[in-house]
Amino acid sequence: MNKNICCIGAGYIGGPTMAVIAKYCPDRTIMVVDINQKRIDAWNSDHLPIYEPGLDELVKKYRGKNLFFSTNSVEAIKACDIIFVGVNTPTKTFGRGAGYASDLQYWEATARNIAAAANGDKIVVEKCTLPVRTATAMERILSEHKEYHFDVISNPEFLAEGSAIRDLEQPDRVLIGGHQTPEGLKAVERIADIYAAWVPREKILTTNVWSSELTKLAANAMLAQRISSINAFSALCEETGADIDEVAMAMGLDKRIGPAFLKSGPGFGGSCFKKDILNLVYMCESYGLQKVADYWRQVVLINDYQQERLLSNILKTMFNTVANKKIAIFGFAFKANTGDTRESPAIAICHMLLEEHAQLAITDPKALTHAQEDLKGYPGNIVFTADPYEAAKDADAIVVLTEWDLFKTLDYERIFKVMRKPAFCFDARNCLDAVKLKQIGFQFRGIGKPSSDSTETAGH
Ligand code: UDX
Ligand code: UDX
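Residues numbered from 1 in each chain as written. Chains lettered and ligands numbered in written order. Predicted model: local features only at pLDDT ≥ 70, side-chain atom pairs only at ≥ 80, totals over all residues.

(A) Up close: the overall build of the protein chain. Secondary structure summary: the protein chain contains 18 helices and 14 strands in total. Over its C-alpha atoms the protein chain spans a radius of gyration of 24 Å, differing by no more than 12% from the 23 Å that the globule rule assigns to 460 residues. Once the C-alpha set of the protein chain is aligned to its principal axes, its extents read approximately 75 × 50 × 45 Å. Here the protein chain, with 460 residues, has 45% of them falling under the buried criterion. (Helix = DSSP H or I, 4+ residues; strand = E, 2+ residues; numbered from the N terminus. Rg over C-alpha atoms; globule rule 2.2 N^0.38 Å. Buried ≥ 20, exposed ≤ 12 C-beta atoms within 10 Å, placed from the backbone.)

Encoded structure:
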């Protein structure tokens with residue numbers, strides 16, 4: 001067996017993960033392949049297909065040395081005995097389980113491609129989030145190949161976008177699941193050896209395959225559940241005069257609760273949380289665990305509710321109408337430090353504002369291209385600008401949807417002067433200096449904050 005590594009799927013997971021492996025494993029050749037020629041061309045150019053702090057430097061340093069990007073998956077499968085699979089597994093949009101189950105067609109096609117191109121024994125590593133027991137399906141397909149032996153390993157990725165390189169370089173843990181057979185354990189060790197080049201051995205956990213597959217779904221569900229819990233409390237804060245940031249801070253000091261993932265906002269976005277929870281719901285239902293399914297479904301419903309609530313607050317505060325008013329949307333990415341807009345709360349919120357006939361001026365330092373695609377074909381008056389001052393010009397309101405540092409450092413006196421009055425600011429991330437903005441003259445509302453000083457009107 002050789003030490004070369006191939007990764008099928010050059011996305012947000014595949015690209016950064018392989019770049020970090022290339023850095024720490026100079027003795028290994030890393031080949032990242034994808035069916036999308038445009039994406040591969042971008043990985044080979046000066047403008048990488050994804051924005052991630054630290055990624056540009058890393059790719060440019062190792063590309064062409066031990067890190068290669070191409071569309072030739074057959075060649076890569078033949079050249080490498082370890083094959084990571086990071087293709088997308090979106091929510092099914094058709095047939096049974098539509099809207100819930102994972103669409104595994106790319107995953108299965110990949111298994112068949114590996115079987116067809118294999119020229120020797122291979123270790124296949126599941127990097128994407130998958131329903132529990134997907135490894136069995138992969139094994140069934142691969143075992144049709146009588147000549148060679150295949151081990152299927154689960155090695156879920158826990159990186160978060162915006163901090164992917166740091167998360168990969170200093171992970172809380174690396175999880176590797178394999179069959180508890182001599183071959184399975186050997187394969188697990190070979191994958192552990194890769195990470196051991198930079199991760200302390202005690203942080204590399206090994207479990208059985210199903211535990212590893214379920215841990216990834218469970219971890220994402222628990223994180224998302226914390227966000228829905230704090231957002232549910234934000235609604236209560238607005239009614240009672242409590243302040244959600246104070247509640248979160250005081251609660252988070254309890255070591256059993258901890259401070260992370262307690263930031264109230266416009267609801268979670270990103271490619272994983274909603275998809276993984278719906279997948280979990282579908283799985284529970286298919287095992288007859290209806291109560292468990294209902295419990296997790298509620299996490300997604302509260303997330304949608306938070307976005308509807310934000311719209312209600314905007315309407316109430318702006319005299320029950322935004323028709324023909326210009327609203328500046330500050331931030332379209334699903335979180336700061338990424339250009340990714342998949343499942344971004346901004347998409348739903350902009351749709352709702354457009355339905356109310358608002359005119360939108362959207363600004364974001366990295367996500368405008370994706371924002372244009374997301375809102376393409378949607379009727380309404382929308383302009384996109386990289387300049388927040390331009391977005392705010394003649395606007396009736398600013399709605400902050402992404403906590404970019406840039407938005408914290410803008411000259412809000414200058415912005416206030418060019419806005420229509422009363423000038424409203426809805427900070428759905430609680431990231432701006434509320435006291436200062438109120439002093440400047442803004443009608444300011446945060447999320448989960450007492451609303452006594454707003455110009456709230458009845459209705460809605
Ligand atoms: C992916 C999955 O979307 C997610 O479910 C999982 O948890 C982690 O892996 P990500 O890297 O963000 O996450 O996906 P994406 O950026 O969509 O990249 C997947 C890539 O696979 C795409 O570039 C796509 O072109 C490629 N692909 C897809 C293949 O190369 N072959 C296929 O058959 C299908
Ligand atoms: C998530 C998981 O964190 C990661 O472990 C997994 O591998 C993939 O899914 P990601 O979606 O990239 O990562 O980002 P994350 O930082 O988890 O944020 C997800 C969403 O939750 C964002 O929209 C973010 O703004 C929101 N969020 C996060 C909050 O609203 N409040 C918080 O306290 C934390």
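(B) Region of the structure containing the site of ligand 1. With respect to spatial proximity, 22 residues lie near ligand 1, and among them Gly9, Gly11, Tyr12, Ile13 and Thr129 are the closest. Per-element accounting of the shell around ligand 1 gives the leading share, 3 residues, to helix α5 (residues 105–117). Residue classes in the shell around ligand 1 are distributed as 10 nonpolar, 10 polar and 2 charged. (Near = placed C-beta within 6 Å. Nonpolar A, V, L, I, M, F, W, Y, C, P; charged D, E, K, R; others polar.)

(C) Layout of the site of ligand 2. Around ligand 2 lies a shell of 19 residues, among which Glu161, Lys263, Phe268, Gly270 and Cys272 are the nearest. For the shell around ligand 2, the element with the highest residue contribution is helix α9 (residues 209–240), accounting for 3 residues. Across the shell around ligand 2, the residue classes break down as 11 nonpolar, 4 polar and 4 charged. Looking at which domains feed residues into the shell around ligand 2, each of domain 1 (5–207) and domain 2 (217–297) gives three or more. (Domains from an automatic or database assignment.)

(D) Representation of the sheet that holds strand β14 (residues 443–446) within the structure. With parallel pairing, the 6 strands of this open sheet are ordered in space as β11-β10-β9-β12-β13-β14. A single partner strand is all that each edge strand has here, and the edge strands are β11 (382–384) and β14. Going from strand to strand, the sheet's axes swing by 15° on average, the running direction of each strand aside. When strand β9 (residues 326–330) meets strand β12 (residues 397–400), the two strands line up parallel, connected through 4 bridges. Residue pairing across strands places Ala328 opposite Ile398, the latter belonging to β12. (Pairing = 2+ DSSP bridges. Axes fitted to C-alpha atoms, helices over the stretch in contact; angles between N-to-C directions.)

(E) Structural context of the packing of α9 against helix α10 (residues 244–252). At a minimum axis separation of 9 Å, α9 and α10 run at an interaxial angle of 135°. The angle between α9 and α10 places the two elements in the oblique class. In this structure, α9 crosses over α10, and the sense of that crossing is right-handed. Contacts between α9 and α10 involve Ile230, Phe233, Ser234 and Cys237 from the former and Ile244, Val247 and Ala248 from the latter. (Parallel < 35°, antiparallel > 145°, perpendicular 65-115°, else oblique. Left-handed = near helix turned anticlockwise from the far one by under 90°. Contact = placed C-beta atoms within 7 Å.)

(F) Molecular detail of the confidence of the model for the protein chain. Per-residue confidence for the protein chain gives a mean pLDDT of 95, with 98% of residues at or over 70. Segment residues 453–460: pLDDT under 50, and 18 contacts once partners within four positions in sequence are set aside and those in other chains are kept. (pLDDT = per-residue confidence, 0-100.)

(G) Up close: unusual backbone geometry. Residue Pro422 follows Lys421 across a cis peptide bond; omega there is -5°. Examined against the element boundaries, Pro422 turns out to sit in the loop between α17 (412–418) and β13 (424–427). Of note, Phe261 is a non-glycine position whose phi angle comes to about 60°, a positive value. Structurally, the position occupied by Phe261 is in the loop between α10 and α11 (273–286). The class for Phe261 is partly exposed, based on 16 C-beta atoms found within 10 Å. If you check the backbone angles, Asn337 has positive phi at about 70° while not being a glycine. Relative to the assigned elements, Asn337 resides in the loop between β9 and α13 (345–355).

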